[in-house]
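Residue-level structural notes
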Amino acid sequence: MNTQEVLSMFDDYVIANYGRLPKVITKGENNKLFDLEGNEILDMFPGWAVSGIGHCHPKVVKAIQQQAAKLLHIDNTFYTVEQGKLAKLLSERAFGGKCFFCNSGAEANEAALKLARRHTPRQQYKIITAEKSFHGRTFATLTATGQSKCHEGFQPLPAGFVYVPFNDIDALQEAFDDEVAAVMIEPIQGEGGVHEATPEYMQTIRDLCDANGALMILDEVQTCMGRTGRWFGYQHYEVVPDVITMAKALGGGVAVGAMMARPDIAASLVPGTHASTFGGNSLACAASIAVVEAIEEDNLLDNANVMGRYTREKLAQLKEKYPIIDHVRGKGLMIGIQLTMPGAAIVSRCLEKGLRVNCTQETVLRFMPSMTVTSEEVDRAVAILDEVLAQGETS
Ligand SMILES: *Cc1c(COP(=O)(O)O)cnc(C)c1O
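Residues numbered from 1 in each chain as written. Predicted model: local features only at pLDDT ≥ 70, side-chain atom pairs only at ≥ 80, totals over all residues. Heavy atoms only, no water.

1. What about the pairing of strand 13 (residues 325-331)?
Note the cut-off: In this analysis, strands are considered paired if DSSP registers two or more bridges between them. A run of H or I in DSSP becomes a helix once it reaches four residues, and a run of E becomes a strand once it reaches two; helices and strands are each numbered from the N terminus.
Pairing geometry for strand 13 and strand 14 (residues 334-339), over six bridges, is antiparallel. Pairing of V328 across the sheet is with I337, part of strand 14. Counted along the chain from strand 13 to the antiparallel partner strand 14, the turn is two residues long, and its residue G332 has a positive phi close to 55°.

So this is what it looks like as C-alpha coordinates:
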(Lines give C-alpha, C1' and ligand atoms only; values in the text may rest on other atoms or scores of the structure.)
Protein backbone atom coordinates (compact mmCIF):
# COMPACT_ATOMS: atom_id res chain seq x y z
CA MET A 1 0.00 0.00 0.00
CA ASN A 2 1.14 3.54 -0.63
CA THR A 3 0.24 6.68 1.26
CA GLN A 4 -2.57 7.62 -1.15
CA GLU A 5 -4.21 4.23 -0.70
CA VAL A 6 -4.09 4.44 3.09
CA LEU A 7 -5.52 7.96 3.04
CA SER A 8 -8.38 6.85 0.84
CA MET A 9 -9.08 3.91 3.18
CA PHE A 10 -9.41 6.47 5.97
CA ASP A 11 -11.70 8.57 3.75
CA ASP A 12 -13.98 5.60 3.29
CA TYR A 13 -13.93 3.92 6.68
CA VAL A 14 -12.55 6.11 9.48
CA ILE A 15 -14.56 8.92 11.05
CA ALA A 16 -12.92 12.19 10.11
CA ASN A 17 -12.91 13.72 13.61
CA TYR A 18 -9.18 14.54 13.51
CA GLY A 19 -7.24 16.99 11.42
CA ARG A 20 -4.46 14.67 10.29
CA LEU A 21 -1.10 15.40 8.70
CA PRO A 22 -0.84 13.57 5.33
CA LYS A 23 1.73 10.96 6.36
CA VAL A 24 1.39 7.29 7.19
CA ILE A 25 3.68 6.35 10.06
CA THR A 26 4.93 2.78 10.12
CA LYS A 27 7.73 2.79 12.66
CA GLY A 28 8.96 4.73 15.65
CA GLU A 29 12.46 4.48 17.04
CA ASN A 30 13.33 6.72 19.96
CA ASN A 31 13.11 10.25 18.50
CA LYS A 32 12.65 9.17 14.91
CA LEU A 33 9.57 8.27 12.94
CA PHE A 34 9.48 6.54 9.58
CA ASP A 35 6.69 6.92 7.07
CA LEU A 36 5.37 4.42 4.57
CA GLU A 37 7.82 5.56 1.91
CA GLY A 38 10.71 5.16 4.35
CA ASN A 39 11.27 8.87 4.95
CA GLU A 40 12.71 9.75 8.35
CA ILE A 41 11.09 12.35 10.59
CA LEU A 42 12.66 13.89 13.68
CA ASP A 43 9.92 13.86 16.30
CA MET A 44 9.74 16.85 18.65
CA PHE A 45 6.17 16.07 19.67
CA PRO A 46 6.21 12.30 20.17
CA GLY A 47 2.73 10.87 20.32
CA TRP A 48 1.26 14.11 21.71
CA ALA A 49 3.46 13.64 24.82
CA VAL A 50 2.66 9.93 25.11
CA SER A 51 6.07 8.67 24.03
CA GLY A 52 7.75 10.63 26.81
CA ILE A 53 10.85 8.43 26.81
CA GLY A 54 10.92 8.07 23.04
CA HIS A 55 9.15 5.69 20.69
CA CYS A 56 9.45 1.99 21.49
CA HIS A 57 11.90 2.38 24.36
CA PRO A 58 13.73 -0.97 24.50
CA LYS A 59 13.01 -1.46 28.21
CA VAL A 60 9.30 -0.85 27.67
CA VAL A 61 9.21 -3.13 24.62
CA LYS A 62 10.93 -5.90 26.56
CA ALA A 63 8.59 -5.55 29.55
CA ILE A 64 5.57 -5.69 27.24
CA GLN A 65 6.89 -8.75 25.42
CA GLN A 66 7.57 -10.60 28.65
CA GLN A 67 4.26 -9.63 30.24
CA ALA A 68 2.29 -10.46 27.10
CA ALA A 69 3.55 -14.01 27.25
CA LYS A 70 2.48 -14.34 30.91
CA LEU A 71 -0.77 -12.50 31.52
CA LEU A 72 -2.32 -9.73 29.41
CA HIS A 73 -5.44 -9.03 31.37
CA ILE A 74 -7.25 -10.22 34.40
CA ASP A 75 -10.29 -8.43 35.78
CA ASN A 76 -10.12 -6.38 38.94
CA THR A 77 -11.91 -9.15 40.82
CA PHE A 78 -8.38 -10.39 41.50
CA TYR A 79 -5.08 -8.91 42.63
CA THR A 80 -1.99 -8.65 40.43
CA VAL A 81 1.64 -8.03 41.26
CA GLU A 82 1.97 -5.50 38.43
CA GLN A 83 -0.87 -3.20 39.53
CA GLY A 84 0.30 -3.19 43.14
CA LYS A 85 3.89 -2.53 42.16
CA LEU A 86 3.02 0.35 39.82
CA ALA A 87 0.82 2.00 42.46
CA LYS A 88 3.70 1.77 44.94
CA LEU A 89 6.22 3.26 42.48
CA LEU A 90 3.91 6.19 41.67
CA SER A 91 2.93 6.81 45.28
CA GLU A 92 6.56 6.92 46.39
CA ARG A 93 7.36 9.47 43.68
CA ALA A 94 4.43 11.72 44.57
CA PHE A 95 2.72 12.44 47.90
CA GLY A 96 2.10 8.94 49.19
CA GLY A 97 -1.38 8.68 47.70
CA LYS A 98 -3.36 5.64 46.59
CA CYS A 99 -4.06 4.92 42.93
CA PHE A 100 -7.02 4.05 40.76
CA PHE A 101 -6.13 2.88 37.26
CA CYS A 102 -7.99 3.50 34.02
CA ASN A 103 -7.09 3.86 30.35
CA SER A 104 -6.88 7.54 29.45
CA GLY A 105 -6.54 11.07 30.75
CA ALA A 106 -10.25 11.82 30.47
CA GLU A 107 -11.07 8.73 32.52
CA ALA A 108 -8.54 9.70 35.18
CA ASN A 109 -10.19 13.12 35.42
CA GLU A 110 -13.67 11.58 35.51
CA ALA A 111 -12.54 9.50 38.46
CA ALA A 112 -11.20 12.59 40.21
CA LEU A 113 -14.42 14.54 39.65
CA LYS A 114 -16.55 11.66 40.89
CA LEU A 115 -14.30 11.31 43.93
CA ALA A 116 -14.69 15.02 44.73
CA ARG A 117 -18.47 14.89 44.61
CA ARG A 118 -18.57 11.68 46.62
CA HIS A 119 -16.02 12.68 49.21
CA THR A 120 -16.91 16.22 50.18
CA PRO A 121 -18.79 16.26 53.48
CA ARG A 122 -21.73 18.57 52.73
CA GLN A 123 -22.65 17.14 49.30
CA GLN A 124 -20.70 19.91 47.64
CA TYR A 125 -21.12 19.85 43.88
CA LYS A 126 -19.38 22.79 42.23
CA ILE A 127 -16.21 22.14 40.25
CA ILE A 128 -14.07 25.18 39.50
CA THR A 129 -11.81 24.94 36.44
CA ALA A 130 -9.78 27.45 34.46
CA GLU A 131 -10.39 29.13 31.15
CA LYS A 132 -8.27 27.65 28.33
CA SER A 133 -7.93 24.44 30.30
CA PHE A 134 -8.11 21.03 28.70
CA HIS A 135 -9.35 18.03 30.67
CA GLY A 136 -10.69 15.58 28.09
CA ARG A 137 -13.61 14.80 25.79
CA THR A 138 -16.06 12.78 27.87
CA PHE A 139 -19.15 14.68 28.99
CA ALA A 140 -17.85 15.68 32.41
CA THR A 141 -14.28 16.37 31.32
CA LEU A 142 -15.35 18.29 28.24
CA THR A 143 -17.53 20.38 30.51
CA ALA A 144 -14.57 20.87 32.84
CA THR A 145 -12.58 22.04 29.81
CA GLY A 146 -12.76 25.83 29.84
CA GLN A 147 -12.93 26.33 26.06
CA SER A 148 -16.34 27.00 24.55
CA LYS A 149 -15.28 25.64 21.15
CA CYS A 150 -15.14 22.18 22.76
CA HIS A 151 -18.70 22.56 24.11
CA GLU A 152 -20.35 23.59 20.85
CA GLY A 153 -23.21 21.33 19.86
CA PHE A 154 -23.07 19.16 22.98
CA GLN A 155 -25.42 21.03 25.30
CA PRO A 156 -26.94 20.50 27.76
CA LEU A 157 -23.72 19.86 29.66
CA PRO A 158 -23.54 18.38 33.17
CA ALA A 159 -24.34 21.01 35.79
CA GLY A 160 -22.08 22.46 38.46
CA PHE A 161 -19.02 23.62 36.53
CA VAL A 162 -17.66 27.12 37.08
CA TYR A 163 -14.88 28.72 35.03
CA VAL A 164 -12.36 31.28 36.18
CA PRO A 165 -9.52 33.02 34.31
CA PHE A 166 -6.27 31.08 34.89
CA ASN A 167 -3.88 32.61 37.44
CA ASP A 168 -6.44 35.22 38.54
CA ILE A 169 -6.47 35.06 42.33
CA ASP A 170 -9.31 37.56 42.81
CA ALA A 171 -11.58 35.71 40.39
CA LEU A 172 -10.92 32.46 42.23
CA GLN A 173 -11.73 33.95 45.61
CA GLU A 174 -14.86 35.45 44.10
CA ALA A 175 -15.98 32.10 42.67
CA PHE A 176 -15.45 30.17 45.88
CA ASP A 177 -18.24 29.29 48.25
CA ASP A 178 -19.10 26.37 50.51
CA GLU A 179 -20.71 24.47 47.63
CA VAL A 180 -17.38 23.98 45.89
CA ALA A 181 -16.33 20.32 45.79
CA ALA A 182 -13.07 20.81 43.94
CA VAL A 183 -10.76 23.04 41.99
CA MET A 184 -9.17 21.28 39.04
CA ILE A 185 -6.36 22.87 37.07
CA GLU A 186 -3.29 21.87 35.11
CA PRO A 187 -0.06 23.01 36.81
CA ILE A 188 1.06 24.00 33.32
CA GLN A 189 -1.72 24.35 30.78
CA GLY A 190 -0.84 22.25 27.75
CA GLU A 191 -3.44 22.58 25.01
CA GLY A 192 -4.13 26.07 26.37
CA GLY A 193 -0.71 27.15 25.10
CA VAL A 194 1.95 26.19 27.70
CA HIS A 195 1.01 28.53 30.54
CA GLU A 196 2.40 27.89 34.03
CA ALA A 197 0.36 28.41 37.16
CA THR A 198 2.01 30.99 39.41
CA PRO A 199 3.17 29.89 42.89
CA GLU A 200 0.76 32.39 44.47
CA TYR A 201 -2.14 30.94 42.49
CA MET A 202 -1.31 27.40 43.58
CA GLN A 203 -1.07 28.52 47.21
CA THR A 204 -4.41 30.33 46.98
CA ILE A 205 -6.10 27.21 45.60
CA ARG A 206 -4.63 25.18 48.46
CA ASP A 207 -5.77 27.68 51.08
CA LEU A 208 -9.30 28.08 49.68
CA CYS A 209 -9.76 24.32 49.33
CA ASP A 210 -8.59 23.79 52.92
CA ALA A 211 -10.88 26.51 54.23
CA ASN A 212 -13.93 25.10 52.43
CA GLY A 213 -13.32 21.35 52.61
CA ALA A 214 -12.87 21.14 48.85
CA LEU A 215 -10.33 19.05 46.95
CA MET A 216 -7.36 20.44 45.07
CA ILE A 217 -7.13 18.33 41.93
CA LEU A 218 -4.22 18.75 39.56
CA ASP A 219 -4.61 17.42 36.05
CA GLU A 220 -1.11 16.09 35.39
CA VAL A 221 -2.14 14.09 32.34
CA GLN A 222 0.37 16.02 30.24
CA THR A 223 2.84 17.14 32.92
CA CYS A 224 3.35 13.72 34.54
CA MET A 225 6.30 11.36 34.34
CA GLY A 226 9.07 13.91 34.12
CA ARG A 227 7.79 16.07 31.27
CA THR A 228 8.60 19.25 33.21
CA GLY A 229 11.89 17.98 34.65
CA ARG A 230 10.33 16.64 37.86
CA TRP A 231 8.17 13.54 38.23
CA PHE A 232 5.05 15.71 38.48
CA GLY A 233 4.39 19.35 37.69
CA TYR A 234 3.20 20.16 41.21
CA GLN A 235 6.70 19.38 42.49
CA HIS A 236 7.88 22.76 41.17
CA TYR A 237 5.64 24.35 43.82
CA GLU A 238 5.45 24.39 47.60
CA VAL A 239 1.90 23.03 47.72
CA VAL A 240 0.77 19.42 47.80
CA PRO A 241 -2.50 18.63 46.01
CA ASP A 242 -5.15 16.18 47.24
CA VAL A 243 -5.50 14.43 43.93
CA ILE A 244 -3.44 14.17 40.75
CA THR A 245 -4.40 12.56 37.49
CA MET A 246 -1.98 11.19 34.92
CA ALA A 247 -2.01 9.38 31.59
CA LYS A 248 -0.17 10.25 28.35
CA ALA A 249 3.49 9.31 29.08
CA LEU A 250 2.64 6.92 31.91
CA GLY A 251 2.51 3.78 29.78
CA GLY A 252 5.28 4.64 27.33
CA GLY A 253 2.81 4.19 24.46
CA VAL A 254 0.36 1.77 26.04
CA ALA A 255 -3.06 3.18 26.98
CA VAL A 256 -3.11 3.75 30.72
CA GLY A 257 -4.36 6.44 33.05
CA ALA A 258 -4.26 6.85 36.80
CA MET A 259 -5.73 8.96 39.54
CA MET A 260 -3.83 9.28 42.79
CA ALA A 261 -5.56 10.58 45.91
CA ARG A 262 -4.54 11.17 49.50
CA PRO A 263 -5.36 7.91 51.33
CA ASP A 264 -8.09 9.36 53.59
CA ILE A 265 -9.82 10.85 50.53
CA ALA A 266 -9.30 7.74 48.41
CA ALA A 267 -11.20 5.81 51.08
CA SER A 268 -14.44 7.31 49.74
CA LEU A 269 -14.28 5.10 46.66
CA VAL A 270 -15.67 1.93 48.21
CA PRO A 271 -16.68 -1.08 46.08
CA GLY A 272 -19.50 -0.18 43.71
CA THR A 273 -18.70 3.52 43.41
CA HIS A 274 -16.28 3.44 40.49
CA ALA A 275 -14.61 0.94 38.17
CA SER A 276 -12.89 0.33 34.86
CA THR A 277 -12.84 -3.08 33.18
CA PHE A 278 -9.44 -2.65 31.56
CA GLY A 279 -8.09 -0.33 34.24
CA GLY A 280 -4.67 -1.31 35.54
CA ASN A 281 -4.36 -4.56 33.63
CA SER A 282 -1.08 -6.40 33.75
CA LEU A 283 0.13 -5.36 30.31
CA ALA A 284 -0.47 -1.65 30.92
CA CYS A 285 1.07 -1.81 34.38
CA ALA A 286 4.14 -3.75 33.23
CA ALA A 287 4.75 -1.11 30.55
CA SER A 288 4.32 1.71 33.08
CA ILE A 289 6.66 0.07 35.59
CA ALA A 290 9.27 -0.12 32.82
CA VAL A 291 8.76 3.59 32.12
CA VAL A 292 9.44 4.50 35.76
CA GLU A 293 12.49 2.24 35.86
CA ALA A 294 13.87 3.55 32.57
CA ILE A 295 13.52 7.16 33.74
CA GLU A 296 15.57 6.36 36.83
CA GLU A 297 18.11 3.96 35.35
CA ASP A 298 18.86 6.29 32.43
CA ASN A 299 18.78 9.54 34.51
CA LEU A 300 16.14 10.98 32.23
CA LEU A 301 14.88 13.60 34.71
CA ASP A 302 18.34 15.16 34.62
CA ASN A 303 18.39 14.99 30.85
CA ALA A 304 14.94 16.59 30.66
CA ASN A 305 16.20 19.53 32.71
CA VAL A 306 19.47 19.94 30.81
CA MET A 307 17.90 19.51 27.37
CA GLY A 308 14.94 21.66 28.33
CA ARG A 309 17.24 24.56 29.16
CA TYR A 310 19.30 23.91 26.04
CA THR A 311 16.24 23.83 23.77
CA ARG A 312 14.80 27.02 25.23
CA GLU A 313 18.16 28.78 24.79
CA LYS A 314 18.44 27.63 21.19
CA LEU A 315 14.92 28.76 20.43
CA ALA A 316 15.49 32.08 22.16
CA GLN A 317 18.43 32.63 19.77
CA LEU A 318 16.04 32.16 16.84
CA LYS A 319 13.87 34.85 18.35
CA GLU A 320 16.69 37.33 17.77
CA LYS A 321 16.51 36.54 14.06
CA TYR A 322 12.78 36.34 13.53
CA PRO A 323 10.37 38.93 14.92
CA ILE A 324 7.56 36.43 14.30
CA ILE A 325 8.78 34.75 17.54
CA ASP A 326 7.46 36.78 20.43
CA HIS A 327 8.94 34.70 23.24
CA VAL A 328 9.72 31.15 24.38
CA ARG A 329 8.28 29.74 27.60
CA GLY A 330 7.85 26.49 29.51
CA LYS A 331 9.44 24.12 32.02
CA GLY A 332 11.65 21.13 31.34
CA LEU A 333 10.66 19.68 27.99
CA MET A 334 7.25 21.31 27.87
CA ILE A 335 8.09 24.23 25.63
CA GLY A 336 5.92 26.78 23.86
CA ILE A 337 7.02 29.30 21.25
CA GLN A 338 4.64 32.23 21.21
CA LEU A 339 4.31 33.49 17.64
CA THR A 340 2.88 36.78 16.47
CA MET A 341 0.94 34.96 13.74
CA PRO A 342 -0.73 31.57 13.15
CA GLY A 343 1.68 28.61 13.13
CA ALA A 344 -0.16 25.91 11.14
CA ALA A 345 1.85 26.57 7.96
CA ILE A 346 5.11 26.37 9.92
CA VAL A 347 4.10 22.94 11.23
CA SER A 348 3.43 21.71 7.66
CA ARG A 349 6.64 23.16 6.26
CA CYS A 350 8.68 21.63 9.09
CA LEU A 351 7.11 18.26 8.37
CA GLU A 352 8.02 18.54 4.69
CA LYS A 353 11.61 19.00 5.86
CA GLY A 354 11.44 16.03 8.21
CA LEU A 355 10.60 17.68 11.55
CA ARG A 356 7.50 17.14 13.60
CA VAL A 357 6.36 19.95 15.87
CA ASN A 358 2.87 21.01 16.96
CA CYS A 359 0.88 24.20 17.12
CA THR A 360 -1.85 24.93 19.67
CA GLN A 361 -4.18 27.89 20.24
CA GLU A 362 -3.27 28.89 16.67
CA THR A 363 -0.15 30.84 17.58
CA VAL A 364 1.82 28.66 20.00
CA LEU A 365 4.34 26.26 18.46
CA ARG A 366 5.08 23.39 20.79
CA PHE A 367 8.36 21.54 21.20
CA MET A 368 7.83 18.62 23.54
CA PRO A 369 10.66 16.21 22.72
CA SER A 370 11.13 12.98 24.60
CA MET A 371 13.27 12.85 27.73
CA THR A 372 15.88 10.89 25.76
CA VAL A 373 16.48 13.78 23.35
CA THR A 374 20.11 14.71 22.62
CA SER A 375 21.65 18.12 21.91
CA GLU A 376 22.39 16.96 18.34
CA GLU A 377 18.70 16.26 17.81
CA VAL A 378 17.73 19.61 19.29
CA ASP A 379 20.29 21.35 17.05
CA ARG A 380 18.90 19.62 14.00
CA ALA A 381 15.30 20.48 14.92
CA VAL A 382 16.17 24.13 15.52
CA ALA A 383 18.11 24.25 12.23
CA ILE A 384 15.07 22.98 10.32
CA LEU A 385 12.80 25.50 12.03
CA ASP A 386 15.38 28.17 11.19
CA GLU A 387 15.26 27.17 7.49
CA VAL A 388 11.47 27.28 7.48
CA LEU A 389 11.33 30.69 9.15
CA ALA A 390 14.03 32.00 6.79
CA GLN A 391 11.70 31.30 3.87
CA GLY A 392 9.45 33.93 5.39
CA GLU A 393 5.77 34.45 4.61
CA THR A 394 4.65 31.40 6.51
CA SER A 395 0.91 31.91 6.38
C1 LIG B 1 -4.48 14.97 26.78
C2 LIG B 1 -5.05 15.55 28.02
C3 LIG B 1 -6.24 15.06 28.60
C4 LIG B 1 -7.07 13.99 27.94
O5 LIG B 1 -6.44 12.76 27.88
P6 LIG B 1 -7.05 11.60 26.95
O7 LIG B 1 -6.13 10.45 27.19
O8 LIG B 1 -7.06 12.09 25.54
O9 LIG B 1 -8.43 11.34 27.44
C10 LIG B 1 -6.64 15.60 29.80
N11 LIG B 1 -5.94 16.57 30.41
C12 LIG B 1 -4.80 17.06 29.89
C13 LIG B 1 -4.06 18.12 30.63
C14 LIG B 1 -4.32 16.58 28.67
O15 LIG B 1 -3.21 17.09 28.14
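2. Concerning the packing of helix 12 (residues 344-352) against helix 13 (residues 375-390)
Heads up, the condition is: Between N-to-C directions, angles cover 0 to 180 degrees, with each direction set by a line fitted to C-alpha atoms, over the stretch in contact for helices. Throughout, the term roughly parallel applies to angles under 35 degrees, roughly antiparallel to angles over 145, roughly perpendicular to angles from 65 to 115, and oblique to all others. When the near helix sits turned anticlockwise from the far one by under a right angle, the crossing is termed left-handed; a clockwise turn instead gives a right-handed crossing. In what follows, a contact means two residues having at least one pair of non-hydrogen atoms within 4.5 Å. Gly falls in the polar group here, along with every residue not listed as nonpolar (Ala, Val, Leu, Ile, Met, Phe, Trp, Tyr, Cys, Pro) or charged (Asp, Glu, Lys, Arg).
For the pair helix 12 and helix 13, the least separation of the axes is 9 Å and the interaxial angle reads 120°. The pairing of helix 12 with helix 13 is recorded here as oblique in orientation. Helix 12 and helix 13 meet at a crossing whose hand is right-handed. Together, I346, R349 and C350 of helix 12 and I384, L385, V388 and L389 of helix 13 make up the contact between the two elements. When grouped by side-chain class, the residues that make up the contact of helix 12 with helix 13 number six nonpolar, no polar and one charged.

3. Some details on the sheet that holds strand 2 (residues 32-35)
The four strands are arranged 1-2-3-15 in an open sheet whose pairing can be described as mixed. Of all the strands in the sheet, just strand 1 (25-29) and strand 15 (355-356) have a single pairing partner and so form its edges. Summarising the sheet, strand 1 and strand 2 pair through four bridges and their orientation is antiparallel. Residue G28 lies in a different strand from strand 2, and its bridge partner there is L33.

4. Observations regarding the nonpolar core
The cut-off we apply is this: What makes a nonpolar core is a set of buried Ala, Val, Leu, Ile, Met, Phe, Trp, Tyr and Cys residues whose side-chain atoms join them at distances within 4.5 Å. When accessible area is computed with a 1.4 Å probe and restricted to protein chains, residues below 20% of their type maximum are described as buried, those above 50% as exposed, and intermediate ones as partly exposed. The domain boundaries here were taken from an automatic or database domain assignment.
One finds I185, M225 and L385 to be the most contacted residues of the largest nonpolar core, which totals 86 residues. When residues of this core are assigned to their parent elements, the largest contribution, nine residues, is made by helix 10 (residues 282-297). Two domains each provide a minimum of three residues to this core, namely domain 1 (58-297) and domain 2 (299-395). Leaving out residues up to four positions away in the same chain, M225 has contacts with L90, W231, F232, A249, L250, V291, V292, I295 and M371. Ranked by size, the runner-up nonpolar core spans 22 residues in total, among them A112, A181, A182 and A261.

5. Brief notes about the site of the ligand
Stated formally: Nearness here has a simple test: a residue counts as near a molecule or strand if at least one of its heavy atoms is within 4 Å of that partner. Pairs of N or O atoms are called polar contacts if they sit within 3.5 Å, as long as, within protein, a hydrogen donor faces a hydrogen acceptor (for residues adjacent in sequence, only side-chain-to-side-chain pairs). The method behind every accessible area is Shrake-Rupley, applied with a 1.4 Å probe, and residues are considered shielded solely by the protein chains displayed.
All residues in the neighbourhood of the ligand are listed as S104, G105, A106, N109, F134, H135, G136, E186, D219, V221, Q222 and K248. A distance of 2.8 Å separates an oxygen atom of the ligand from a polar backbone atom of G105. In isolation the ligand exposes 380 Å². Once the protein is present, 81% of that is buried. Looking at which element gives the most residues to the shell around the ligand, the answer is helix 4 (residues 105-119), with three residues. Residue classes in the shell around the ligand are distributed as three nonpolar, six polar and three charged.

6. A short note on the domain arrangement of the protein
Many structure descriptions define interface size as the accessible area lost when the parts assemble. Defined as follows: The term buried area means the drop in 1.4 Å probe accessible area that two parts suffer when joined, counted for both and summed. One side-chain nitrogen of Lys or Arg within 4 Å of one carboxyl oxygen of Asp or Glu is enough to make a salt bridge.
Domains assigned within the protein are domain 1 (58-297) and domain 2 (299-395). One C-alpha centre belongs to domain 1, the other to domain 2, and the line joining them spans 28 Å. Counting residues at the interface gives 26 residues for domain 1, matched by 21 residues for domain 2. In total, about 1800 Å² of surface goes out of reach between domain 1 and domain 2, with carbon and sulfur atoms giving 53% of it. Three residues, V194, R227 and I295, lead the burial of domain 1 against domain 2; their summed loss comes to 35% of the area buried on that side. Inspection of the region where domain 1 meets domain 2 yields two salt bridges. The shortest N-O distance in the salt bridge between R366 and E191 comes to 2.8 Å. Taken together, the elements giving at least two residues each to the side of domain 1 that touches domain 2 come down to strand 8 (188-189), strand 9 (195-196) and helix 10. Among the elements that make up the side of domain 1 that touches domain 2, the one with the highest residue count is helix 10 (four residues). Residue composition of the side of domain 1 that touches domain 2, by class: six nonpolar, twelve polar and eight charged.

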